[in-house]
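# Structure assessment
Read off the chains here:
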Amino acid sequence: MKLKKILPQLLTLLFIVLIFGFFTMNAQENMDTRGIEFGFGFLKQEASFDIQFSLIDYDGSHSYARAYLVGLLNTLLVAFIGIILATFLGAVIGIARLSPNYLIRKTASFYIEFFRNIPLLLQIFFWYFAALRALPMPEDAPLLLNSSFMTIKGLYAPSPVWTNGLTFLAFFILAIISIICFNIYANQKQENEGKQFSKLYISTSLLIIIPLLSFFIAGVDLSWSFPEIRQMSQSSYTFDGGFKIPPELIALTLALTLYTATFIAENVRAGIQGIGKGQKEAAASIGLTPNQVLKLVIMPQALRIIIPPTTNQYLNLTKNSSLAAAIAYPDLVLVFAGTAMMQTGKAIEIVGITMATYLTISLIISLLMNWYNKRIAIQEK
Amino acid sequence: MSINTFNLLKTKNQKNRNISLILGVLFFSVGVIDFYLNNYFNTNITSFLPRIINFFTPLIFAVIGLHLIRIEFSGIRLLDSLNKNINTNNFNAVLSTSIILLVIFALPPLLNWLIFDANIAGDTKEACTGGGACWVYIKVWFNRFMYGMYPNAEQWRINVTFIAVLVFMAAGFFVPVRFRNYLSFYYTILLPIISFILIYYIISGGSFGLVWVETGAWGGLSLTFMVSFFSLIFCFPLGMMLALGRRSSLPVVKYSSLSFIEFWRGVPLITVLFMSAVMFPMFLPDGTYVDKLIRVVVAITLFEAAYTAEVIRGGLQALPRGQYDAAKSLGMGYWKLHIFVILPQALKLVIPGIANTFLALIKDTPLIFVVGLLEVVGMLNLAKTNPKWLGFSMEGYVFAGIIFWIICFSMSKYSQKLELKYKTDR
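Residues numbered from 1 in each chain as written. Chains lettered and ligands numbered in written order. Predicted model: local features only at pLDDT ≥ 70, side-chain atom pairs only at ≥ 80, totals over all residues.

## Considerations on the overall build of chain A
When helices and strands are counted, chain A shows 11 helices and eight strands. Taken against the 2.2 N^0.38 rule, which gives 21 Å for 381 residues, the C-alpha radius of gyration of chain A at 26 Å runs more than 25% over that of a compact globule. Taking all 381 residues of chain A together, 30% fall into the buried category. Long-range contacts, defined here as pairs at least 24 residues apart, represent 64% of the contacts in chain A between residues at least 6 apart. (Helix = DSSP H or I, 4+ residues; strand = E, 2+ residues; numbered from the N terminus. Rg over C-alpha atoms; globule rule 2.2 N^0.38 Å. Buried ≥ 20, exposed ≤ 12 C-beta atoms within 10 Å, placed from the backbone. Contact = placed C-beta atoms within 7 Å.)

Here it is, written out as structure tokens:
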């Protein structure tokens with residue numbers, strides 16, 4: 001009986017050790033014969049390549065480590081925007097999928113069937129190479145909303161110029177802290193005395209009023225820097241001022257959002273459908289309005305079904321953002337596993353770091369979502 | 001008139017049903033016609049109103065129309081079902097109208113581009129004169145999109161192989177009942193071997209008087225099929241083993257399966273392919289060379305096996321404990337228990353999940369462009385840089401999109417059918 005338990009384990013262990021041993025030995029040998037040294041010293045060397053789009057200060061004179069950071073931030077930026085937009089769109093489409101309105105229902109399911117059955121890479125290529133390339137050149141671009149230009153070279157929008165911006169930020173943080181405090185207070189009040197505040201309205205007004213106060217008492221001022229067209233040469237134009245969103249980012253975000261939203265929508269639909277009809281009827285029979293039924297009875301229960309598969313979609317979106325490399329958006333894969341690897345030739349280290357980074361991001365997202373999931377799980381007594 | 005309308009808004013009943021119906025249809029048509037004229041004839045019949053209002057006039061008119069025809073128990077069956085389905089209240093009326101207007105706005109230009117203004121005759125770029133799509137481009141490049149850089153004269157070899165493999169696959173459906181038990185063995189072990197031999201000797205060539213064609217020249221849709229076929233076949237048994245391993249009570253087996261699964265699930269496929277392209281050769285003894293295509297298939301298989309394992313684990317967990325206990329009480333060992341009792345039930349439960357994984361696999365195959373293999377999307381990107389055929393990327397992507405959509409949609413519909421067929425109520 002004991003042998004039956006130990007033998008398979010020994011075999012597995014042996015198998016793993018053999019494979020790893022074989023690979024390491026070969027790698028050692030190969031690197032020796034080619035004169036490559038294993039090590040992470042290259043991270044401190046000068047990168048000497050430029051990156052088109054960067055959230056932090058970067059140019060060719062910075063180190064590879066800095067280039068890595070630029071790539072990582074770009075990846076996180078896409079993932080962050082994508083997750084927010086996809087959640088919003090997915091929730092709307094998922095609810096629309098259950099609408100009593102025939103047209104809405106069919107449109108939602110058409111959207112889902114259409115976008116989820118086309119490879120994401122193809123969608124990214126479509127938006128980048130076909131759709132966004134059809135936009136006008138900077139000199140012909142029409143003015144949108146009196147402030148922005150949508151051109152083949154990207155979106156140029158007005159950027160805010162702050163005086164005493166830090167004070168504003170401080171007020172903003174203050175507003176968020178006061179909202180959290182208020183919510184805790186309101187929850188306690190409801191627990192103890194059963195008194196209800198309209199939390200949403202008060203929170204929103206706090207969020208607006210407190211930062212607004214800073215304009216009147218702390219000397220904060222806001223003006224906008226509008227993009228203005230400038231001729232660079234005979235036939236080449238560009239914009240000065242404002243800020244620019246590169247077309248790669250737009251195409252990538254659009255494709256990721258539209259694609260992932262279909263999956264989130266299906267999760268939302270399944271979650272809401274998973275709640276028994278009796279719950280809805282019981283809630284209505286004690287006199288809750290339809291909105292209250294959705295907010296207080298259906299959603300808290302549906303979220304428990306929705307969140308675990310949606311976490312997977314968030315992870316997928318983050319991992320899929322690596323497809324950016326295909327349209328030259330400078331994300332982690334393109335900057336680090338692409339350009340940096342070509343230059344240094346440190347294949348093992350760089351692919352290793354890249355994979356480890358993605359593993360860490362995945363782990364953090366799933367930890368966060370697990371924590372949230374636990375918080376809303378049924379508390380059985 | 002205005003007072004009359006006002007009264008109609010208030011009381012809609014059997015008595016003034018007809019007049020309110022006529023008015024409603026009238027308003028609705030005015031809205032739609034206004035929108036239509038706006039978009040296709042550049043004439044705005046409400047241009048006397050301020051810009052901000054006349055932009056919304058079609059919507060406003062149509063919603064008023066829908067409001068007027070919202071008559072409860074009108075006695076007209078069509079009207080009742082219309083009201084019930086798209087016109088229950090004002091909010092729904094606004095949404096319905098928006099969708100109808102959107103269809104009017106988008107559908108005609110789309111159809112014009114796709115069909116009516118499109119060019120299909122001829123075989124040069126100059127043949128494309130209309131404002132629509134240039135399907136000539138697809139026609140000229142069709143062989144490339146299907147077979148990649150495979151020499152034109154040899155393309156029959158790919159067709160023959162595919163038909164042969166299909167025949168072997170279909171053969172499984174016609175075996176006599178007493179051999180049914182060996183079917184899974186046939187599909188997971190014999191079929192891959194047969195297909196590999198066929199592909200090796202016919203598509204690759206090099207013997208029997210066939211010219212050798214290196215894998216770098218393979219491509220197009222046929223490559224998509226080959227990669228997904230082998231990955232699909234291999235990732236299923238591997239995923240099953242991993243799922244069982246993860247549920248095992250032996251700690252070494254359990255934790256090694258777990259870390260294997262979590263590793264592959266945590267990294268993007270593109271980095272896995274990078275690894276197979278640049279890192280993997282370093283891990284092999286000097287001088288051994290594994291073909292690029294095989295490396296890609298192995299990478300995709302390992303990657304998707306981790307996902308398959310998680311799906312199957314879900315099915316295993318969903319089975320009630322009683323099944324295990326009952327099988328054990330009959331004296332079944334670990335393998336007997338799983339093969340005859342647990343897996344047949346668990347796999348039935350996870351058909352939708354498995355189908356989703358397979359769909360994801362097919363949709364992931366375009367990524368192999370990373371290692372320089374050009375399947376259909378890769379070929380599109382190559383074709384669009386051809387100086388003779390610049391500016392037709394839209395047609396190419398639409399074409400590939402339609403192909404993938406048909407494959408994936410029919411697969412998902414088929415899986416839904418399977419799910420219904422094998423559904424057993426507990």
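## Side note on the overall build of chain B
Looking only at helices and strands, chain B has 18 helices and one strand in total. Its C-alpha atoms give chain B a radius of gyration of 30 Å, clearly above 22 Å, the size a compact globule of 426 residues would have. In terms of overall dimensions, chain B has a C-alpha envelope of 90 × 70 × 45 Å along the principal axes. Relative to its full complement of 426 residues, chain B shows a buried share of 33%. Of all intrachain contacts in chain B linking residues separated by at least 6 positions in sequence, the fraction that spans at least 24 positions is 67%.

## Things to note about the sheet that holds strand β1 (residues 143–144) of chain A
Residues and elements named next belong to chain A. The strand order across the open sheet formed by four strands is β1-β2-β3-β8, and the pairing between neighbours is antiparallel. Edge positions in the sheet fall to β1 and β8 (243–245), since each has one partner strand and no second. Sheet topology note: the strand β3 (residues 154–157)/β8 ladder contains three bridges and is antiparallel. The residue of β8 that forms the bridge with Y156 is K244. (Pairing = 2+ DSSP bridges.)

## Description of the confidence of the model for chain B
Where the model shows low pLDDT, its predicted coordinates should not be examined in detail. Residue and element names in this part refer to chain B. Summing up the model confidence of chain B, the mean pLDDT is 80 and the portion of residues at 70 or higher is 95%. Element-level pLDDT for chain B is lowest in helix α1 (residues 2–10), with a mean of 47, against a maximum mean of 88 in helix α13 (residues 292–318). Low confidence marks residues 1–6, where pLDDT is under 50. Its contacts with residues over four positions away, or in another chain, come to zero contacts. Interface confidence for the predicted complex, given as ipTM, is 0.85, next to a pTM of 0.86. (pLDDT = per-residue confidence, 0-100.)

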